[in-house]
Amino acid sequence: MHEADSVARPADAVVSAWFRARRYIGDKDRGRILELLYALLRHHARLGWWLVNHGRQDMPRNRLLAWLILKEGKTPDQIKRLFNGAKFAPAILKDHEHALLVKLQGCTIDHPGMPEEVRLECPSWAADPLRRRFKEAFGNEMAALLTSAPLDLRVNPIKSTREAMLGALKDLGLRVQPSALAPCGIRVHERPSLASLPMLKSGEVEIQDEGSQLVAMLVGARPGERVVDFCAGAGGKTLAIAAQMNNRGHVVACDVMDGRLKRGAERFRRAGLHNIETRLLAGEADRWIKRHKGGFDRVLVDAPCSGTGTWRRNPDARWRASAEQGLDHLVSLQARILASAARLVKPGGRLVYATCSMLPEENEEQVAAFLDVHPAFRAVPLREAAPQLTNSAHSDYLSLTPARHDTDGFFAAVMQREGTLPTERALIKGKAD
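Quick caveat, the model's predicted, so the values are computed rather than measured.

Q: For this particular structure, what's the right way to read the side chain of Glu-225?
A: The topology assignment puts Glu-225 in the loop between helix 13 (210–219) and strand 5 (226–229). Reaching out from Glu-225, the side chain makes a polar contact with the backbone nitrogen of Arg-222 at a distance of 3.0 Å. Aside from chain neighbours lying at most four places away, what touches Glu-225 is Gly-220, Met-245, Gly-249, His-250, Asp-297 and Arg-298.

Below is the structure:
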């Protein structure tokens, strides 16, 4: 908890490094530690409210003490026995800490005096945009973001089928079912140790939220085409796109972080995909983009965003996003990235803009602003781009929310470049003359 509070890395990266340095911890204890950490992250604002209201510092040790009595219902004496200073136990309880526990005894985690934003764990910078987006459904959507995210898998059609993987997972004693929307998706109703899933090691399946799978599906990549995943990260959507193409054609996975691309390349090899090239970019205006102007059939821009749609999966992100970048900065960056990536799309080609955000400023408003200044592009309504997706929260774009779809919150807009590029128009005019 101290590390998650004090370093700029996401909590899952902190956890991975922490466990790597403590290989002696068994699977059962690891599971309990993870469960407790993420529970504390999901109750961050409420625990802080209780501490501030009792004149105590909002810090990890105090948060844990408050959790044990407010949520787990332990008595002060039980907690005192846990905090005994033994080798793997917390330091001995101090008198003022014991006094806090006595004050909190009999209380519960929620209190009528809490502001709505605190009770729903919604940071102030996101509250107004989310209220505008969801209106009367704001409370339900925020409550859904406080639940644990499910484990979704995407079957790699290059190596297996969904039916075969459903059978293999059931043979491992897991409760599984086909995803409701994604054609290659499987939902696992368990929390297995990922090391116990041989199909992950073999590349037959990948961990990918159902919403993310649908975004990749909207790209609509076909065998033999040229495709760019402009903000590829570690390559989750790149894998899905390349598999759609049946290993034929060419996919370029771009990112500004070399480490992400290297992790992606490892995943591509494991999945048996050979039609992917990785490309490190210096930024959204890299010269490689100019050299390949109009050269691709499909371009996916999975833009950096506030991550509001992933809060149930990454509960720490809600408290880091505004401090690290700020919404105005993100919206400006997204606009520059989208405009730059659009140059790669050839006439008749498809541009897909996506975020894992639920804020209108990053989604519908961003697309409207782009279309206003790029008349060569038109929005392709969802009923035309993917008629099988009939339950979107937006009539024209893919819009998914945890409360409505039980996926991460995702947005995706499909746009098509019409006509010809300026240089082509000049050539056509020259021939006519």
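Having put the structure on the table, let's press on.
Q: Please explain the pairing of strand 12 (residues 410–417) as it appears in this structure.
A: The two faces of a sheet get side chains in turn, since along a regular strand they alternate between them. Of all eight residues in strand 12, seven are buried; the element is thus mostly enclosed. Where strand 9 (residues 345–355) and strand 12 come together, six bridges link them in antiparallel fashion. Counted as the bridge partner of Arg-350 is Gln-416 from strand 12. Alignment of strand 10 (residues 377–380) against strand 12, held across four bridges, turns out to be antiparallel.

Q: I keep staring at the confidence of the model for the protein chain and nothing clicks. Help me out?
A: Atomic detail in the predicted coordinates should be set aside for any region of low pLDDT. Mean pLDDT over the protein chain: 93, with 96% of residues reaching 70 or higher. Confidence drops under pLDDT 50 across residues 423–433; counting only partners more than four residues distant or on other chains, this segment forms three contacts.

Q: So what exactly am I meant to see when it comes to the packing of aromatic side chains here?
A: The description of an aromatic ring pair rests on the distance of the ring centres and on the angle between the ring planes. The full count for this structure, using the stated rule, is seven aromatic pairs. A centroid spacing of 5.4 Å and a plane angle of 75° characterise the contact between Trp-18 and Phe-19, whose relative ring orientation is edge-to-face. Residue Phe-19 is classed as buried on the basis of its relative accessible area, which comes to 7%. The interplanar angle of 40° and the centroid separation of 6.0 Å between the aromatic rings of Trp-288 and Phe-296 together place this pair among those described as tilted. The buried category is assigned to Trp-288, whose relative accessible area is 3%. Arg-226 extends its terminal NZ or CZ atom over the ring of Phe-296, reaching a point 4.4 Å from the ring centre.

Q: Even after reading the chapter, I still don't get the sheet that holds strand 2 (residues 176–178), so can you show me in this structure?
A: In a beta sheet, neighbouring strands are held together by backbone hydrogen bonds and run either parallel or antiparallel to one another. Strand order in the open sheet formed by four strands is 2-3-1-4, and the pairing between neighbours is antiparallel. Among the strands making up the open sheet, the edge pair consists of strand 2 and strand 4 (205–207). Each strand of the sheet is rotated relative to its neighbour by a mean of 30°, with strand direction disregarded. Relative to strand 3 (residues 185–188), strand 2 is paired through three bridges, and the arrangement is antiparallel. From the neighbouring strand, Gln-177 faces strand 3, where its bridge partner is Arg-187.

Q: Where do I start with the nonpolar core in this structure?
A: Nonpolar side chains in soluble globular proteins generally cluster together in the buried interior. In terms of nonpolar packing, the biggest core is built from 36 residues, with Leu-218, Ile-241, Leu-389 and Leu-398 touching the most fellow members. It is helix 13 that provides the largest number of residues to this core, a total of six residues. Residue contacts for Leu-218: discarding those within four places in its chain leaves Arg-350, Val-352, Leu-382, Ala-385, Ala-386, Leu-389, Leu-398, Ala-412 and Val-414. Core analysis: the second largest hydrophobic core is formed by 28 residues, Cys-254, Trp-288, Ala-303 and Ala-413 among them.

The rules behind these values
Residues numbered from 1 in each chain as written. Predicted model: local features only at pLDDT ≥ 70, side-chain atom pairs only at ≥ 80, totals over all residues. Heavy atoms only, no water. Helix = DSSP H or I, 4+ residues; strand = E, 2+ residues; numbered from the N terminus. Polar contact = N/O pair within 3.5 Å; in protein donor to acceptor, adjacent residues only side chain to side chain. Contact = heavy atoms within 4.5 Å. Buried < 20%, exposed > 50% of the residue type's maximum accessible area, 1.4 Å probe, protein only. Pairing = 2+ DSSP bridges. pLDDT = per-residue confidence, 0-100. Phe/Tyr/Trp six-rings, centres within 6.5 Å; stacked < 30°, edge-to-face > 60°. Lys NZ or Arg CZ within 6 Å of the ring centre and 35° of its normal. Axes fitted to C-alpha atoms, helices over the stretch in contact; angles between N-to-C directions. Core = buried A, V, L, I, M, F, W, Y, C linked by side-chain atoms within 4.5 Å.

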